[in-house]
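# Breakdown of the fold
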Amino acid sequence: MPVTSMSSTVPPLFFFFFFLSIAIFNLSISAKSWPLSQENKIQEQDRDPFVGFNIGTDVSSLLPPPDLVKFLQTQKINHIRLYDADPEFLKALAKTKIRVIISVPNNQLLAIGSSNATAASWIGRNVVAYYPETLITAISVGDEVLNTVPSSAPLLLPAIESLYNALVASNLHTQIKVSTPHAASIMMDTFPPSQAYFNQTWLSVMSPLLRFLSKTGSPLMMNLYPYYVYMQNKGVVPLDNCLFEPLTPAKEMVDPNTLLHYTNVLDAMVDAAYVSMKNLNISDVAVLVTETGWPSQGDKMEPHATIDNADTYTSNLIKHVFDRTGTPLRPEVTPSVYIYELFNEDKRAKPVSEASWGLFYGNTTPVYLLHVSGSGAFLANDTTNKTYCVAMDGVDVKTLQAALDWACGPGRANCSEIQPGESCYQPNNVKGHASFAFNSYYQQEGRASGSCDFKGVAMITTTDPSHGSCIFPGSKKVGNGTQTVVNSTQVAAGETSSRSLLSRGFCASMMILVTCVLLPFW
């Protein structure tokens, strides 16, 4: 029947109620889809490769847990790994979006591996008491046990199984995985990766462990350090290959058996782990890199432990993970990584590099600044906010004066503002003047890596050192007023667009409703 004849026979009120029902349905769907889409987005993010951080506690000025959690949130760090199960930290993480791996220290393996009751008690105390308010994602049982405490190797799998069984009893075994981190040295002949295999000494442990990981959907945790590969193979492995630097095809490492090209050492180490597992008939276990990093300082025996190399390695690593390019052997799978580590553990014994793996000092000032543009809001404060260079505390005046003289002399820093009568002359002391001069040099060098050192007497800070009428170069302060800059986050942006979607759905519904009401009167 033609539309014209149909409309002439149907009362106008029919259109009103027909379109009104459509409008209400449209509005209800828009409203309901918002939280659902947000939930799906969170679940999708959990499946994506991520970059997390290890947090050690051998730090002389480590923040208390509540402040540390605020710092993590400010930096948009959503994945961390602890070397214990500190109750205060777990409590402080409650109702945040930060995912945490907790750990069983090596010295607790004997008790847990020998007693199911002890394992159940550990789960009750350290997992059930906090989950799900605190998002515990995994338990790492021991750390490099086969290398550091080989006498405990027979207890490793029993401890893992006892903890898993306790999770099953609490119905948490699908949400929380159990595994153990290994050193790269458990693999032999790691390059070319196609020839790699697990050390035969540990097959009695690795074979049943891998079967357990396969059965439970848990990852093989590996601590992989291209830094040590370079140190142990100088002249064989180029530095650029270790630092993820761009390579010409001639410099790429080629596996002669698979003809796969490797542009960085970490990918080769991950693929070596996959091949080693395949040799034991395991091909469905993912690799999780629980530790990797580069030290920013070393003694004379470690000349490549520098701020520049640490910055380059970590920045390029983050880009590599977020690019989701996988590895040559498994391009469809990009391993997630935990960087070692968040803070310099200054209490650690020598060598110097042992205390120099962190991105931050314990007081949260950065050791160096990453170059991770394009990775969203991750580490937002380090990559988008202003940074400054100031004199360190506790440096003797003579050393500080020499650095000040260099900055204002050969360094050509603008030191006019610290002359008598000028706005930054007060406080009239070496440290105050040095801070201004150091920062002047740092800013004129474009805040380049290595430009805030001055033979170890300066440090980078995100706290604006301006005071009163003294405005430091790079500051956003104008006179005594400060322009506030708020970093937007990915979550906030998502919420905005979702609410906009809801608003658009509402407006569209109202437009239909108004049209339907007026239509019969036309």
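Residues numbered from 1 in each chain as written. Predicted model: local features only at pLDDT ≥ 70, side-chain atom pairs only at ≥ 80, totals over all residues. Heavy atoms only, no water.

By the naming in an unreviewed UniProt entry, the protein goes by glucan endo-1,3-beta-D-glucosidase and is assigned to Brassica napus. In its Sequence similarities (unreviewed entry) section, the UniProt record describing the protein reads: "Belongs to the glycosyl hydrolase 17 family." UniProt, in its Subcellular location (unreviewed entry) section for the protein, records the words "Cell membrane". (UniProt positions renumbered as here; feature names shortened; annotations may be inferred.)

### Side note on the pairing of strand β2 (residues 79-82)
Burial along β2 is two-sided: His-79 and Arg-81 facing one way and Ile-80 and Leu-82 facing the other are all buried. Relative to β2, strand β1 (residues 51-55) runs parallel, the two being bridged by 3 bridges. Following the sheet pairing, Ile-55 is matched in β2 by Leu-82. In this fold, β1 hands off to helix α3 (residues 65-74), which returns the chain to β2; that crossover is right-handed. (Buried < 20%, exposed > 50% of the residue type's maximum accessible area, 1.4 Å probe, protein only. Helix = DSSP H or I, 4+ residues; strand = E, 2+ residues; numbered from the N terminus. Pairing = 2+ DSSP bridges. Right-handed = clockwise from strand over helix to strand, strands pointing away.)

### Some details on unusual backbone geometry
With an omega of 10°, the peptide bond between Tyr-131 and Pro-132 qualifies as cis. One can find Pro-132 in the loop between α6 (116-128) and β4 (135-141). In this structure, the amide linkage connecting Phe-191 to the following residue, Pro-192, adopts the cis form with an omega of 0°. Positionally, Pro-192 belongs in the loop between β7 (187-188) and β8 (197-198). Even without a glycine there, the phi angle at Arg-412 is positive, about 55°.

### A look at the state of the cysteines
Counted according to the given criterion, the structure contains 3 disulfides. Between the sulfur of Cys-408 and that of Cys-415 lies a disulfide, 2.0 Å long from S to S. Of note, the bridge from Cys-408 to Cys-415 carries an S-S torsion of about -95° and is left-handed in sense. On the basis of relative accessible area, Cys-415 is assigned to the buried category, the value being 9%. The partner cysteine of Cys-424 in its disulfide is Cys-470, sulfur to sulfur 1.9 Å. Taking the sign of the S-S torsion, about 105° here, the bridge from Cys-424 to Cys-470 comes out right-handed. (Disulfide = S-S within 2.5 Å.)

### A closer look at the sheet that holds strand β6 (residues 181-183)
Taken in spatial order, the 9 strands line up as β5-β4-β3-β2-β1-β13-β12-β9-β6 in an open sheet, and their pairing is parallel. Edge positions in the sheet fall to β5 (177-179) and β6, since each of these pairs with one other strand and no more. Each neighbouring strand pair of the sheet contributes to a mean axis angle of 25°, computed without reference to strand direction. Relative to strand β13 (residues 337-339), helix α13 (residues 307-323) is tilted by about 160°, and along the sheet it contacts β1, β12 (287-292) and β13. (Axes fitted to C-alpha atoms, helices over the stretch in contact; angles between N-to-C directions. Contact = heavy atoms within 4.5 Å.)

### Overview of the packing of aromatic side chains
For the coordinates displayed, the defined rule picks out 21 aromatic pairs. Ring centres of Tyr-225 and Tyr-228 lie 5.6 Å apart, and the angle between their planes is 65°; this geometry places the pair in the edge-to-face category. Taking the relative accessible area as the measure of exposure, Tyr-228 reaches 31% and is therefore partly exposed. Note on Tyr-441 and Phe-454: the rings are 5.5 Å apart at their centroids and 70° apart in plane angle, and the pair reads as edge-to-face. Remark: Phe-454 occurs in the loop between α16 (430-444) and β15 (458-461) and Tyr-441 occurs in helix α16; sequence separation between them is 13 residues. Comparing Tyr-441 with Phe-454 shows no difference in burial state: the two are buried. An aromatic cluster of at least three residues, connected via ring pairs, comprises Tyr-225, Tyr-227, Tyr-228, Phe-244, Trp-294, Tyr-313, Tyr-340 and Trp-357. The ring of Tyr-274 carries the charged tip of Arg-330 above its face, separated from the ring centre by 4.1 Å. (Phe/Tyr/Trp six-rings, centres within 6.5 Å; stacked < 30°, edge-to-face > 60°. Lys NZ or Arg CZ within 6 Å of the ring centre and 35° of its normal.)

### Structural notes on the confidence of the model for the protein
Taken over all residues, the pLDDT of the protein has a mean of 83, while the share at 70 or more is 79%. Within the model, the stretch residues 14-20 combines pLDDT values under 50 with 6 contacts to residues more than four positions away or in other chains. Confidence drops under pLDDT 50 across residues 380-384; counting only partners more than four residues distant or on other chains, this segment forms 17 contacts. (pLDDT = per-residue confidence, 0-100.)

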